[in-house]
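Fold and geometry: a report
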Amino acid sequence: MRIGELAATVGVTTRTVRHYHHLGLLPEPERHANSYRNYTLRHAVVLARIRRLTELGLGLAEVRDVLAEDAGKDLVEVLTELDEDLARQEAEIRDRRARLRTLLDAGELPADGPVSPELAPLLAGLPASDSPMAAKDREILTLLDTGAPAEVRERLLTALRGTLGSPENLDRAKEAYALLDGLADAGPGDPRVADAARALAACIPPELVPEADMDQDAPFLRAFYADFAPAQAEAIRRALRIVTEERT
């Protein structure tokens, strides 16, 4: 058989056959005088086995182990591991579908979604959605929801539930957003920075601020402050200091 005939017999492409040659999975027959390779039934049997194993979900490195005469793992062990891996994938897919269903059942998704089902209703409750500062707040909350450690994320969500559950707190947040929006074109020495800092500090749950002094030169904080106008960044720094000092 020529390579095209071999590939057609097993139901793969000639490119796949050459790839398996390159990886050492399928032995290459010697070329004849006419420069063509002549494949035997044995090549077709091995190629068919490779196809069956890959269709089960085995990676090519695992297929090599199965095919090797001195394999460290026999086929039963490899397939058992594959079955366990597929079971984990099934559990993950069920969990992802449950999360998607929760988001879809919640109705209208936030513009900055998808977010976790726990954060979605909290974002919907944030005031002043047309405020540039409120939009930044949403972005930061979404980032933390995605990348923060589980304990930090849970502390954030608990604090937000308490803050957004009070009309008085919502009014304070609207005031803070308005004051910070007003500093968009101001410098850090603007006298309005002090009022904005105090208003913002009144909105920050103390449990969200680390008890130890924060490293203001940490990469995340540098990127965080750089995303704001100079006066806004200064107001946020002062607000964090106020919360820290009042707690102690």
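Reading the values: the criteria
Residues numbered from 1 in each chain as written. Predicted model: local features only at pLDDT ≥ 70, side-chain atom pairs only at ≥ 80, totals over all residues. Heavy atoms only, no water. Helix = DSSP H or I, 4+ residues; strand = E, 2+ residues; numbered from the N terminus. Buried < 20%, exposed > 50% of the residue type's maximum accessible area, 1.4 Å probe, protein only. Contact = heavy atoms within 4.5 Å. Areas by Shrake-Rupley, 256 points an atom, 1.4 Å probe, with all protein chains shown as cover. pLDDT = per-residue confidence, 0-100. Arc of directions from axis to C-beta. Expected span 1.5 Å × (residues − 1). Polar contact = N/O pair within 3.5 Å; in protein donor to acceptor, adjacent residues only side chain to side chain. Salt bridge = Lys/Arg side-chain N within 4 Å of Asp/Glu carboxyl O.

**So, the overall build of the protein**
Broken down by element type, the protein carries twelve helices and zero strands. Relative to its 248 residues, the protein shows a buried fraction of 32%. For the protein, long-range pairs separated by at least 24 residues make up 57% of all intrachain contacts whose partners lie at least 6 apart in sequence. Accessible area of the protein: about 15500 Å², with a carbon and sulfur share of 53%.

**Considering the confidence of the model for the protein**
Averaged over all residues, the pLDDT of the protein is 83; the fraction at 70 or higher stands at 88%. At the level of individual helices and strands, the protein shows its lowest average pLDDT in helix α6 (residues 120–124), which scores 75, and its highest in helix α10 (residues 192–201), which scores 95.

**A few points about helix α2 (residues 14–23)**
Among the residues of α2, Val-17, Tyr-20 and His-21 are the ones counted as buried. Seen along its axis, α2 keeps its buried residues to an arc of 105°; they face one direction. In α2, those exposed residues whose orientation departs by more than 90 degrees from the buried face are Arg-15 and His-22. The secondary structure elements touched by the buried residues of α2 are α1 (3–10), α3 (41–56) and α4 (60–67). Gly-24 occupies a position one or two residues after α2 and carries a positive phi of about 80°.

**Some points on helix α7 (residues 132–147)**
One full turn of an α-helix is made of 3.6 residues, so residues set three or four places apart face in the same direction. Compared with the 22 Å implied by 1.5 Å per residue over 16 residues, the 23 Å span of α7 between its first and last C-alpha is a close match. Looking at α7, one finds that the buried residues are Met-133, Ala-134, Arg-138, Leu-141, Thr-142 and Asp-145. N-capping of α7 is provided by Ser-131, with a side-chain oxygen placed 3.2 Å from the backbone N of Met-133.

**Thoughts on the environment of Leu-200**
Looking at the secondary structure, you find Leu-200 in helix α10. A C-alpha to C-alpha distance of 7.4 Å links Leu-200 and Ala-173, two positions 27 residues apart in sequence. Apart from the residues within four sequence positions on either side, Leu-200 is in contact with Ala-176, Leu-180, Ile-236 and Ala-239.

**Quick word on the pattern of salt bridges**
As enumerated under the stated definition, the model contains eleven salt bridges in all. A salt bridge links Arg-198 to Asp-195, with the nearest nitrogen and oxygen atoms 2.4 Å apart. Of this pair, Arg-198 and Asp-195 are both found in helix α10, three residues apart, which corresponds to roughly one turn of the helix. Look at Arg-198 and you get partly exposed, because its relative accessible area is 49%. Arg-241 is paired through a salt bridge with Glu-234; the nearest N and O atoms lie 3.8 Å apart.

**A short note on the side chain of Asp-145**
Within the element layout of this structure, Asp-145 appears in helix α7. The residues contacting Asp-145, other than those within four sequence positions of it, are Val-115, Ser-116, Leu-119 and Arg-153.

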